[in-house]
Amino acid sequence: MTHALYHHTLADIARHLGVAFDGDADKPIRGLATLKEAKPDQVAFLTNRAYLKDLATTQAAAVLLHPEHGKNCPVPKLEMENPYLGYAKLSQLFDPLPARDKPGIHPTAVVADSVTIGKGVSIQAHAVVEEGVTLGDRVVIGAGSVIGADSMVGDETRLHANVTVCHGVVIGKRVILQSGCVIGGDGFGFAHDGAGWHKIAQLGGVVLGDDVEVGSCSSIDRGALGDTLIGDDVKIDSQVQIAHNVIIGAHSALAGCVGIAGSTQVGKHCMLGGGVGLSGHLTICDGVQVTGMSLVTNSIHKPGVYSSGTGAMANSQWRKNAVRFKQLDEIAKRLSRVEKSTRDT
Amino acid sequence: MTHALYHHTLADIARHLGVAFDGDADKPIRGLATLKEAKPDQVAFLTNRAYLKDLATTQAAAVLLHPEHGKNCPVPKLEMENPYLGYAKLSQLFDPLPARDKPGIHPTAVVADSVTIGKGVSIQAHAVVEEGVTLGDRVVIGAGSVIGADSMVGDETRLHANVTVCHGVVIGKRVILQSGCVIGGDGFGFAHDGAGWHKIAQLGGVVLGDDVEVGSCSSIDRGALGDTLIGDDVKIDSQVQIAHNVIIGAHSALAGCVGIAGSTQVGKHCMLGGGVGLSGHLTICDGVQVTGMSLVTNSIHKPGVYSSGTGAMANSQWRKNAVRFKQLDEIAKRLSRVEKSTRDT
Amino acid sequence: MTHALYHHTLADIARHLGVAFDGDADKPIRGLATLKEAKPDQVAFLTNRAYLKDLATTQAAAVLLHPEHGKNCPVPKLEMENPYLGYAKLSQLFDPLPARDKPGIHPTAVVADSVTIGKGVSIQAHAVVEEGVTLGDRVVIGAGSVIGADSMVGDETRLHANVTVCHGVVIGKRVILQSGCVIGGDGFGFAHDGAGWHKIAQLGGVVLGDDVEVGSCSSIDRGALGDTLIGDDVKIDSQVQIAHNVIIGAHSALAGCVGIAGSTQVGKHCMLGGGVGLSGHLTICDGVQVTGMSLVTNSIHKPGVYSSGTGAMANSQWRKNAVRFKQLDEIAKRLSRVEKSTRDT
């Protein structure tokens, strides 16, 4: 379902983007769509050359595109150097969620007396806010979400439904926590006495910077002593696990199913592909990209792209190769012997 | 705990399976068990030749098996061409859950005035159903579950406890959503302006077909513009992540911890093993199987079994081979030189 | 945020650890910290030789360390053969959580009439406890958690907020369930009739032994017929998936993102690294360690360390090697031919 409950005029949209336009200022625009699927009351965008073929026949009310493609656009155009950024800005205009937020505390929400609540806060049905929590202005706490004692939530942060923020967690401004995520569960720390395990109480917290997003069902564990630290503008997808005392630098992005073990530090502007695993106690410098499902067991000190693993192939072919992997050291030694024997010949 | 609260006669069971039987029609049957563990009031089944050895000594009240094994069965038998299917059908008879559902809305549930509610619906304690939602007949909403605004839930669909369905999600009939799963969290979309990230509001929804099952703590993200589409009879295990605008064809099955990146299309009757990762924007045709923990980075256009990776071995052996992997290109080149030199000799 | 709301004297601490000490008995201690960061009212510890360099300059009130380092300690010392174990015990003293628990049932909690409740139990806001549940003494049920019908929870077990325990689950004593985890969701079982899937009702339960911990957003599925069994003192990190009828032996530890497929048995004192995958129906003996992100597809009958995969390298280097992996069988055959030809020469 593409939501088209609200509309804006073409002039509103151009103003929102800060660009000139050449069409009917009052034309109502009810949403966004691809070039191919856009209806006459929708704005389309061209952000990928692969879709240039759809430009000539688009039915869109207007197209957001780079100036180099402007001359081929059959409908009113909105030209930007970075049309993908324009699309992002425009998408927010059509999000039905913010218009639905009603400030106020639902009668079924349980909010401790000692909670400090900013202006325009919305606390929805069955949410629980425990003792000593501070909520900034315009915070939204979705239905069924729980915020543990002494945590702080910055202005304009949104917890979707069924989010858990444990005690003593600090969350910045404009943070978005998707449903099912858990911020501040215990880190995984145990001492062994030779027979079994003794729990190390996790006494640190979690600090999320401003503009962080955490995806559905992701977990960020609290620190053992110091805090787990997530920098400003870090974007974390769904099903991600971040262990205790991890530090993630500002503006880094972690795709789905990433797992980062304890005390590892990831730099700024890093990008981790889906399913990437980082061992514990590593240092990953700024500007590192790791491709999907790679395992990183050593620190990385040089920006660039890193990978491991091998891609899927037909099982019949794979079996033959995989069995050879177990002989690889032997193969290398045999090769050396052959090289020696041919040199000696 | 094998639940044995309810019982059926042997005649009930044979009728339920649509097969003849040769024993005491009124014998009470209190549950199912393996051949080895079955007590005299339980039905056992033989679906795997590995357990044929347990047939002669089984204490079961009756055994569900293929006709080829009927002659060796020491107790009353229920013969079917597909006894595993018979076991599935029989298991549902003994599930204690449906008998417990009490139609009605628990007094602590919060249901918006604008919700449309079918016949025989059960909404349990502390569930929240937001504005504009439509619930079909005999829908069950477990304790603590939240259904966001304008979503639709088809007849006989069950949400277990603490499920989150976000706004604008469409769910078919007879769907089962296990606890902790999240349907319709935001997809992971951001535009970069050279300094940081701008969120792309996720304006699409999620559509789940009929007879879909989604496991515990799994997440299916909403589309960026169009919808994320899960076909009829798709079975999704626990801890699975499905990104925005993915399409899964009917009757496919995804085992635990699978991750599928954005806009990838998986065909019908596919099977993805545990921990499999699919990169984004791929097309996987019908009838593809991918073995556990494989990484698929290219589209697959031919049905069959695909694999990647290598299985575990003793660490001492593995170290030697893994280090050679980093020399593999060099090994191949050295081999070519040796081949050339021996040919030249 | 390191929590330092409560304090103990140095004498209290020495008594708690059962060790002698040589400083001011009444000195108030407000928390724990590393040697480097400890303030004069904190106890530090030396558990890793890498930090020996910080001992001489520590500002700590006292240091917990092995007797061999005692002579170099500039402040009062607490000597133990296993100082890491001492740190674990001490950390529990400073955990702010237990002091906050207030016995009693929050007025918004929904507790069925048939529930049996021990002494000193705390059931927090919006928790739901269904029919026939038994709660032992001093059990804590966090806000928003749900316990399904007929489940049993042992003495001193803690469910953090938003935990789901499904019906018919048995939980031991002193178990800790982190937020968002799901115990007893349906296992993934379906029979195929040639056209589509038929659900196998999951009639077994889950049994968690004493002293088990389960991390945030982890899931342990109920058995198909018999139970899924987690032994005493098993520690399970976040984002872990344990499928139906898995058995985990006592004292084993599973790091984040581990996935274990159905009916696999893991021995006692095993350690599975982050992201490890075990195929179904395997037997892993006692004392096995598997390193991070390894895939185990065969049973392991000998204690030791096992591994698979290859670590990340620069993408440019990786590409060349990964493509050779697909030629590995051919490389091995070519090597054999070359060997033969050089022998023949």
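Scroll up to find the structure.
A quick note: this is a predicted structure, and the numbers were derived from the prediction, not measured.

Enquirer: Please provide a residue-by-residue account of the overall build of chain A, values included.
Expert: Scanning chain A for helices and strands turns up 5 helices and 39 strands. The globule rule puts the C-alpha radius of gyration for 345 residues at 20 Å, and the 26 Å found for chain A is more than 25% above it. Principal-axis analysis of the C-alpha atoms places the extent of chain A at approximately 85 × 60 × 35 Å. Taking all 345 residues of chain A together, 58% fall into the buried category. Here the analysis covers contacts within chain A between residues at least 6 apart in sequence; of these, 17% occur between residues at least 24 apart. Approximately 12,800 Å² of chain A is accessible, and the part contributed by carbon and sulfur atoms is 53%.

Enquirer: Can you tell me about the interface of chain A and chain B, naming the residues and giving the values?
Expert: Contacts between the two partners involve 74 residues from chain A, matched on the other side by 80 residues from chain B. Joining chain A to chain B, the criterion identifies 5 salt bridges. Across the salt bridge formed by Arg100(A) and Asp150(B), the nearest N and O atoms sit 2.3 Å from each other. At the surface where chain A touches chain B, the tally comes to 29 residue pairs in polar contact (both at pLDDT 80 or more). The set of elements that each furnish at least two residues to the side of chain A that touches chain B consists of α2 (83-93), α3 (97-100), β27 (235-236), β30 (253-254), β39 (313-314), α4 (315-325) and α5 (328-344) of chain A.

Enquirer: Describe the nonpolar core, naming the residues involved and giving the relevant values.
Expert: Residues and elements named next belong to chain C. Ranked by internal contacts, the top residues of the largest apolar core, which has 52 residues, are Leu-135, Leu-177, Ile-183 and Leu-208. Mapped onto this core, the elements with two or more residues apiece are β23 (206-208) and β36 (288-290). Not counting residues up to four positions away in its chain, the partners in contact with Leu-135 are Val-115, Thr-116, Ile-117, Gly-118, Val-121, Ile-123, Val-129, Ile-141, Ile-147 and Val-153.

Enquirer: Residues and numbers for the environment of His106(C), please.
Expert: Along the polypeptide, His106(C) turns up in the loop between β7 (104-105) and β8 (110-111). For the pair His106(C) and Val153(C), spaced 47 residues apart in sequence, the C-alpha separation works out to 18 Å. When residues no more than four places from it in sequence are discounted, the contact partners of His106(C) are Val110(A), Ile123(C), Gln124(C) and Ala125(C).

Enquirer: Give a detailed account of helix α1 (residues 10-17) of chain A, specifying residues and quantitative values.
Expert: All names here are of chain A. For α1, the set of buried residues is Leu-10, Ala-11, Ile-13, Ala-14 and Leu-17. In an axial view of α1, the angular spread of the buried residues amounts to 160°, which keeps them on one side of the axis. Buried-residue contacts for α1 involve β1 (8-9), β2 (28-29), β4 (42-45), β5 (62-65), β6 (77-79) and α2. Directly after α1, the chain includes Gly-18, whose backbone phi takes a positive value near 70°.

Enquirer: Provide a residue-level description of the pattern of salt bridges, including the pertinent values.
Expert: Enumeration according to the criterion identifies 48 salt bridges over all chains in this entry. For Lys102(A), the salt bridge identified is with Glu131(B), shortest N-O distance 2.6 Å. In this pair, Lys102(A) is assigned in the loop between α3 and β7 (104-105) and Glu131(B) in the loop between β11 (128-129) and β12 (134-135), connecting two distinct chains. A relative accessible area of 53% means that Lys102(A) is categorised as exposed. Accessibility expressed as a relative area gives 37% for Glu131(B), which makes it partly exposed. Two residues, Glu330(B) and Arg337(B), come together in a salt bridge whose shortest N-O distance is 3.4 Å. Given the relative accessible area of 38%, Glu330(B) is considered partly exposed. We classify Arg337(B) as partly exposed; its relative accessible area is 49%.

Conventions and cut-offs
Residues numbered from 1 in each chain as written. Chains lettered and ligands numbered in written order. Predicted model: local features only at pLDDT ≥ 70, side-chain atom pairs only at ≥ 80, totals over all residues. Heavy atoms only, no water. Helix = DSSP H or I, 4+ residues; strand = E, 2+ residues; numbered from the N terminus. Rg over C-alpha atoms; globule rule 2.2 N^0.38 Å. Buried < 20%, exposed > 50% of the residue type's maximum accessible area, 1.4 Å probe, protein only. Contact = heavy atoms within 4.5 Å. Areas by Shrake-Rupley, 256 points an atom, 1.4 Å probe, with all protein chains shown as cover. Salt bridge = Lys/Arg side-chain N within 4 Å of Asp/Glu carboxyl O. Polar contact = N/O pair within 3.5 Å; in protein donor to acceptor, adjacent residues only side chain to side chain. Core = buried A, V, L, I, M, F, W, Y, C linked by side-chain atoms within 4.5 Å. Arc of directions from axis to C-beta.

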